[in-house]
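# A look at the structure
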Amino acid sequence: MIITPWGEAMKTDCPLAEYPRPQFKRNSYLSLNGIWKCEFCESEEIPESFSQTIVVPFSPEAPLSKVNRTLSDEEYLIYERDFEIPDDFNKGRVFLNFGAVDQIAKVYVNGSFVGAHHGGYTPFSFEITDYVGKHNILNVTVRDLTEKNHYSRGKQRTKRGGIWYTAQSGIWQSVWLESTPVDYIPYVRITPVSYTHLTLPTKA
């Protein structure tokens, strides 16, 4: 295990707090990175209490998570985090964003199921406007089957060795909230134009 000077100096209350999507930055940004509760369970039922904590956004197998435990393919890793919505935060819609969760994630806000995502490498988000209040509880249940399903996994494998790396699981990219007006721009598509197809004006 190798820890860099940056890892040793990392603050666990809100690591990687910078906006994770700088090409589409919004002013209403609230990072949810930091210390979450977690539990390794035999079922995906959310437990009434949690016995340990984890530093998000680091997988439980990573030293920076402070867990150092492998999630087996027969277990569920269940997260819990409480958060408050600032008074001036909601501009009309509220979105919950995940950079990546490996592999199968289900998300609950205040006990209500808001959505699921399969695949460990792609970002995803849910509109949670109708689920949030001033004080909120966020739960995420995760299952990672590694090489036992068809999802992309790179060189991860349950038993590492040769070209195979130690499998990682759970939330491993930033989690954040942002708010937009009711009418908003969800994405931008930029199409470059080749100058070879342009007709330039000629001098008289």
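Our structure is the block above this text.
We now turn to the structure provided with this report. Residue numbers run consecutively from 1 along every chain, following the written order of its sequence. Local features in this predicted model are restricted to residues whose pLDDT is 70 or higher, and side-chain atom pairs enter the listing and the counts only when it is 80 or higher, whereas totals over whole chains, interfaces and linings include all residues. Heavy atoms from the whole structure form the basis of all side-chain values; hydrogens and water molecules are not counted.

It is worth spelling out a nonpolar patch on the surface at this point. The patches described consist of residues with a relative accessible area above 30% and no salt bridge, like charges being joined within 9 Å and nonpolar side chains (Val, Leu, Ile, Met, Phe, Trp, Tyr) within 5 Å. Accessible surface is estimated by sampling points in the Shrake-Rupley manner with a 1.4 Å probe; for residues, cover comes only from the protein chains shown. Salt bridges, as used here, are contacts in which a Lys or Arg side-chain nitrogen is within 4 Å of a carboxyl oxygen on Asp or Glu. Nonpolar side chains collect at one region of the surface, where Ile185, Val188 and Ile190 lie side by side and expose about 330 Å² of accessible area between them. By the secondary structure assignment, isoleucine 185 is in the segment after β14 (175-180). Numbering goes from the N terminus for both helices and strands, where a helix is a DSSP run of H or I of at least four residues and a strand is a run of E of at least two.

To form a nonpolar core, buried Ala, Val, Leu, Ile, Met, Phe, Trp, Tyr and Cys residues must be joined to one another through side-chain atoms within 4.5 Å. To sort residues, take the accessible area from a 1.4 Å probe on protein chains only and compare it with the maximum for the residue type: under 20% means buried, over 50% means exposed, and anything in between is partly exposed. In this structure, Trp36 and Leu96 are the most contacted members of the largest nonpolar core, which totals 31 residues. Where this core is concerned, the elements lending two or more residues are β2 (34-41), β3 (52-56), β4 (76-84), β5 (93-98), β7 (104-109), β9 (124-127), β10 (135-143) and β14. For tryptophan 36, the contacting residues outside a window of four places in its chain are Gln52, Thr53, Ile54, Val56, Tyr79, Glu80, Arg81, Leu138, Val140, Ile171 and Val175. Two residues form a contact once any of their heavy atoms are found within 4.5 Å.

Glancing now at the environment of valine 114. Within the secondary structure, valine 114 sits in strand β8 (residues 112-118). For valine 114, a relative accessible area of 15% gives the class buried. Note: C-alpha distance between valine 114 and tyrosine 131 (17 residues apart in sequence) is 8.2 Å. Beyond its immediate sequence surroundings of up to four residues, valine 114 is in contact with Val107, Tyr108, Val109, Phe126, Ile128 and Tyr131.

Note that serine 28 resides in the loop between α1 (5-9) and β1 (29-31). For serine 28, a relative accessible area of 9% corresponds to the buried category. One polar contact links the side chain of serine 28 to the main-chain carbonyl oxygen of serine 179, over a distance of 2.4 Å. Not counting residues within four places of it along the chain, the set of residues in contact with serine 28 comprises Phe89, Lys91, Leu177, Glu178, Ser179 and Thr180. N or O atoms within 3.5 Å of each other form a polar contact, as long as, within protein, one can give a hydrogen and the other can take it, and as long as residues adjacent in sequence are counted only when both atoms are side-chain atoms.

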